[in-house]
Each structure stands twice: as C-alpha cells, then as structure tokens.
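The chain contents come next:
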Amino acid sequence: MTLLDYRAYPVLVVDDEPDNLEVFRLNLRREFDLKLAKSGDEALALMKTVDPGVIVTDQRMPGLTGIELLVQTKKLRPQAVRMIVTAYTDADVLLRAINEGGIERYLVKPFRLEEVRNALRSGLERFHLERENARLMEELRAQNAYLEDEVKRGERYDWGRVKGSQGGLAEVVSQVEKVAQTRSTVLIRGETGTGKELIARAIHEASPRRSKPLIKVNCAALPETLLESELFGHEKGAFTGAEKRRLGRFELAHEGTIFLDEIGDVSMAMQAKLLRVLQEREFERVGGSETVKVDVRVVSATHKNLEELVKKGTFREDLYFRLAVFPLELPPLRKRRDDIPELGRFFLLRYAREAGKPHLQDFSADAIARLVSYPWPGNVRELENVLERAVILASGETITGADLRFLDAQLLVRGPEKVELSQAPSQDAPLPDVLEKLEREELIRAMDASQGSKAKAARALGVNRSTLYYRLRKHGLAERYGLPAVEG
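1. Here's the deal with the overall build of the protein
Assigned secondary structure in the protein consists of 19 helices and 14 strands. Across the 488 residues in the protein, those meeting the buried criterion constitute 45%. Expressed as a percentage of contacts within the protein between residues at least 6 apart in sequence, the contacts between residues at least 24 apart total 69%.

Here it is as structure tokens:
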C-alpha cells in the first residue's frame, strides 16, 4: 500500500531538450501530475502558481543551470524535494548541487525509467510527510494558543444557548455536562455535519483537561500506513523519508483529549493497535521498540452503524465496547427545526464577534422563516457556514432575509433528494435545454456556496474535480472561477 496518491502534488520537470520532456510526459503522466518547463526562467514563472512537491531539473541548460535554478527554488519553495539530472559524473558538479542547490538525489543519464519513477515516489512521500508534520505542529500551536487565551478570558461555549426549545440537542448537552467530568471514553454518532466535532470540543472544554490539548484526527482521510504514523509517531529511518523522530497524535494529546473522527473507517489491523492503547494506555512508535505511556481521554465519532459492522466482521466487537462506554446520538437538523433559531443565534454571536460586528445580535422574522424552512442536508455544519457568510453580508443590526439571499427559492423548496426545475420544459424550451440551464445554475450555486473552492464544490455535487473542471468549461464558467479556458 502506498502512502499517498502520487498525483496529490505536482512534479516540476525542467529540461531544455523537448525530447527529454516528452519521455517524462509519455511514460509518467498517468501516475504523476507533471508540470513541464523548457528553461529555468520558465520554471520560476510557473512556480508563481504551482507548488511542486518534487523539482527535477537537467544541469546543462542555456541561461540558468540546474544548480542555479535549484538555489532559487530553495527560496521560493523550500519544502520541495529537489533532484538534478546530468550526463556528467563530475564530482565537483554534484558536490555543488548538494551544498548549494540542496538536492536530495541525482540521476545520471542515460537513466532507467523505473529508477526515475521510484525516485519521484520517494520524493513525493517525503514532501507529504514533512508538509503534514508542519501542518500538525502549526495546528498544535494554534490549539495551545487558543486554550491559553480561553483560560485567560475565562470564556467557554455557552451550551445553554444551543439546547433548543423542544428538546432536540438539549438532552445531548445534558449528557455532555455529566460525562465531561469523568475519564470515560465517548462515542458520538450522527449524520455528517450534525456537529460531532462541536460536541467533542464541548466535552473537552467542560472537563478537568480543558487546559491541555484537544488533538483531532480524521481517520477516514488517511491511508492505513500513514494513519499509524500520525497516531503513534515514528522513529528516524522507520520508512523512506523518515529522517527524524516524530511524535504522534496520542503523545501530543498527553493529559488532554484525542478526538478520533470517522472511527468506523479504520482497518482491522489499526483497530487492534487502538484497542491496545485503550486497554493499556501504551504503544510503540513506528519503527521503534520503546514503549510510550500516555494519559489521554478518547472521544470518537462516526456516521456509520458500528453494530452492523461488528455483525459483518469488519469492526472488532471488543473495540466497539471500549469506545462506546458512553454513546451520544446526535439527531439531524431536519428533525429538530425548533432548535434552529437558538442554534443559529449561537453561531451568529460567535461570527459577529470575530467579524467586529458586536451590534449584530439577532434575526429578522423573514430570516428566521428562511432558516427554518431550509432542508439543511449538510446539517449543523451547513448552518454554521451559512451564518458565517450572512454575518459578512449583513450591514444592519439584524440578519435579514436579504442577507440570506444565497439560499434562493430553488433551495428553499428542495428536499435532500429533490431539485425543482426553475423552468418547465416546453416547445420553446425543450427538456435538454432546461437541464443544461439547471446544470449551469447548480454549478454556480455550488461554487458560490463553497466560496470558490473547487474541491468543496466537487464534493457537494458528488463529482470528481476533473468532471467539475470539464463542466465549468462547458458552460463558459472557467474564467469566472479562475480556471484556464482550455485544459493545460
């Protein structure tokens, strides 16, 4: 199993010989996201918009040499893994490349294609691990700063404001207040977007561990080999690219709380390792023999039916009982519409304070009507995103229906699996034309709702990004959303 999809990060190949670039393109384009440049200057211009994981450059080129190019790329893209290709085995040239260009590897012409392929794979794996490590450390610093600020101000989420008037989340919040003071593991269940992470944070902040880190892991977002390193850390030399010891999430969460989101997606092999941590509170880093002991409160979440997975034999029964000591069930937002106004005010006050609009305190009657009548297929997460955007748009002292105009009439009458045509088919407007118009409207809606994020829009529409790009171009929307008019 590979550590990652090798097309996740671009590979920049620089060579002044078109035939050499064509060899790369023809043989490696399916496995790697190749960006080709015919000179050092062209490569530097390309890097203004491209963030390559690996840079491969020929040494002998007109203008900038390979070494001179790599020296400049160290400033532009310091995390990129750099490689140089040369037909000359001059030791002085290679030494300069290592000292000045910071190369990780050199390839001597004529090279074997499999050697290049393995070098690119290794380089991308290293780039990914270092970038993830930097991201995790930044996340930890941000969380610690947030906790320190919270402790200084003595502020906590006011959970009384989100209980709702007709029960709904009120029972859940009541249970949160009780279990937070204990050491028990908690399993939060509910549809995607129902607020499972919000409840996990509530448990942590209401617990005696509130001054320690809350570390979050999305188990579904990482392949098994990478997940093990993320959770338990690794020793230097444990695998390709592991150049130094790295602490895992369990160690970072010591004396605090670890939130394991989408726990139902974990493999059987990883389940056995998690069971040991829950039972013994100890583990070994990947590639290490030292036993690490931790004091961690475990909160997990899933949208899957774990009981059914246990029956099918894809989820360990003993791990299920360890995780579900205290289960919490979050109802979808469509089943607790009476809670929407109070839950909406909770998010409104938060984002109004962050936006420097403390005068923004409530909703108008037409805004409440829009919020309550909307189907909320994305549950609480969608409500939060909508209100963050509404706060930005609002200019008065309340959120009005006009501030929610992006929840247009089509969406207000839309069920989770139903879309109404904005125009009925007729002789003047045949069905194919109406469907084309609907597709264009849906593309615009998804792109605007995701604030231009193509990845989020693709997920919302249930298509991959290449399909989204094709349809944006087809409907003449490429330039509007920052996509080249023709595929490069």
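2. Description of the packing of aromatic side chains
Applying the stated rule across the entire model yields 8 aromatic pairs. Here the aromatic rings of Tyr6 and Phe32 are separated by 6.0 Å at their centres, their planes lie at 50°, and the arrangement is tilted. Of this pair, Tyr6 sits in the segment before β1 (10-14) while Phe32 sits in the loop between α1 (18-28) and β2 (33-37), and the two are 26 residues apart along the sequence. Here the aromatic residues Phe232, Phe250 and Phe283 are joined through ring pairs into a cluster of three or more.

3. A word on unusual backbone geometry
If you check the backbone angles, Glu255 has positive phi at about 70° while not being a glycine. Within the secondary structure layout, Glu255 lies in the loop between α9 (249-252) and β8 (257-261). Residue Glu255 is classed as partly exposed on the basis of its relative accessible area of 35%. Positive phi, close to 60°, is recorded for Arg281, a residue that is not glycine. Mapped onto the fold, Arg281 is located in the loop between α10 (268-280) and β9 (282-284). Look at Arg281 and you get partly exposed, because its relative accessible area is 22%.

4. Observations concerning the environment of Thr182
The topology assignment puts Thr182 in the loop between α6 (170-179) and β6 (186-189). The class for Thr182 is partly exposed, based on a relative accessible area of 32%. Distance in space between the C-alpha atoms of Thr182 and Ser207 is 7.6 Å, their sequence separation being 25 residues.

5. Brief notes about the nonpolar core
Residues Leu231, Phe250, Ile258, Leu260, Ile263 and Leu274 are the most contacted members of the largest nonpolar core, which totals 34 residues. Going through the elements one at a time, β7 (214-218), α8 (224-232), α9, β8, α10, α11 (306-312) and α12 (317-323) are the ones with two or more residues in this core. With 5 residues, the single largest contributor to this core is α10. Among all residues touching Leu274, those that are not within four sequence positions of it are Leu231, Phe232, Phe250, Leu260, Ile263, Val266 and Leu319. Of all hydrophobic cores here, the second largest spans 27 residues; its members include Phe346, Ala352, Tyr374 and Val380.

6. Points about the pairing of β8
Judged by how many residues are buried, β8 sits mostly within the fold: 5 of 5 residues are covered. Neither face of β8 is exposed, since Thr257, Phe259 and Asp261 on one face and Ile258 and Leu260 on the opposite face are all buried. The pairing of β7 with β8 spans 5 bridges and is classified as parallel. Counterpart to Asn218 in the pairing with β8 is Asp261. As paired elements, β8 and strand β11 (residues 297-302) share 4 bridges and run parallel to each other. When the bridges of β11 are listed, Leu260 appears paired with Ser300.

7. What to know about the packing of helix α13 (residues 340-354) against helix α14 (residues 365-373)
Interhelical geometry of α13 versus α14 gives an angle of 110° and a closest axis separation of 10 Å. Taken together, the axes of α13 and α14 lie roughly perpendicular to each other. Facing Ile340, Pro341 and Arg345 of α13, the residues of α14 in contact are Ile368, Leu371 and Val372.

8. Some remarks on the sheet that holds β2
Judged by pairing direction, the sheet is parallel, and its 5 strands sit side by side in the order β2-β1-β3-β4-β5 without closing on themselves. Unpaired on one side and paired on the other, β2 and β5 (105-108) mark the two borders of the sheet. Going across the sheet, the axis of each strand differs from the next one's by a mean of 20°, ignoring polarity. Pairing of strand β3 (residues 54-58) with strand β4 (residues 81-86), which is carried by 5 bridges, proceeds in the parallel orientation. The residue of β4 that forms the bridge with Thr57 is Ile84.

9. A closer look at α1
The α-helix winds at 3.6 residues per turn, so residues separated by three or four positions along the chain end up facing the same way. Looking only at α1, the buried set comprises Leu21, Phe24 and Leu28. End-on view of α1: buried residues confined to an arc of 70°, all on one side of the axis. Residues Pro18 and Asp19 are exposed on α1 and point more than 90 degrees away from its buried face.

10. A short note on the sheet that holds strand β12 (residues 326-329)
The strand order across the open sheet built from 5 strands is β7-β8-β11-β6-β12, with neighbouring strands paired in parallel fashion. Strand pairing shows two members of the sheet lacking a second neighbour, β7 and β12, which therefore form its edges. Adjacent strand axes in the sheet meet at a mean angle of 20° when their direction is disregarded. Sheet topology note: the β6/β11 ladder contains 4 bridges and is parallel. Counterpart to Arg189 in the pairing with β11 is Thr302.

11. Here we look at the packing of α8 against α10
Between α8 and α10, the least distance of the axes is 10 Å, while the angle of their chain directions is 15°. For the element pair α8 / α10, the angle class is roughly parallel. For the element pair α8 and α10, the recorded crossing hand is left-handed. For the pair formed by α8 and α10, the contact residues are Glu224, Leu227, Glu228, Leu231 and Phe232 on the first element and Ala269, Met270, Lys273, Leu274 and Val277 on the second. Looking at the contact of α8 with α10 residue by residue, the classes come out as 7 nonpolar, no polar and 3 charged.

12. Some thoughts on the pattern of salt bridges
Here the idea is simple: oppositely charged side chains can pair when their charged atoms come close. Tallied over the full model, the rule gives 29 salt bridges. Note that Arg25 is salt-bridged to Glu22, the shortest N-O span being 2.7 Å. Here Arg25 pairs with Glu22, and both are found in helix α1, just 3 residues apart, close to one helical turn. Here Arg25 falls in the partly exposed class, since its relative accessible area comes to 29%. With a closest N to O distance of 2.6 Å, Arg189 and Glu307 form a salt bridge. Here Arg189 is found in strand β6, whereas its partner Glu307 is found in helix α11, with 118 residues between them in sequence. Residue Arg189 is classed as buried on the basis of its relative accessible area, which comes to 12%. Judged by its relative accessible area of 29%, Glu307 is partly exposed. In the salt-bridge network here, residues are joined through shared partners; they are Glu235, Arg245, Glu251, Arg285 and Glu290.

Conventions we followed
Residues numbered from 1 in each chain as written. Predicted model: local features only at pLDDT ≥ 70, side-chain atom pairs only at ≥ 80, totals over all residues. Heavy atoms only, no water. Helix = DSSP H or I, 4+ residues; strand = E, 2+ residues; numbered from the N terminus. Buried < 20%, exposed > 50% of the residue type's maximum accessible area, 1.4 Å probe, protein only. Contact = heavy atoms within 4.5 Å. Phe/Tyr/Trp six-rings, centres within 6.5 Å; stacked < 30°, edge-to-face > 60°. Core = buried A, V, L, I, M, F, W, Y, C linked by side-chain atoms within 4.5 Å. Pairing = 2+ DSSP bridges. Axes fitted to C-alpha atoms, helices over the stretch in contact; angles between N-to-C directions. Parallel < 35°, antiparallel > 145°, perpendicular 65-115°, else oblique. Arc of directions from axis to C-beta. Left-handed = near helix turned anticlockwise from the far one by under 90°. Nonpolar A, V, L, I, M, F, W, Y, C, P; charged D, E, K, R; others polar. Salt bridge = Lys/Arg side-chain N within 4 Å of Asp/Glu carboxyl O.

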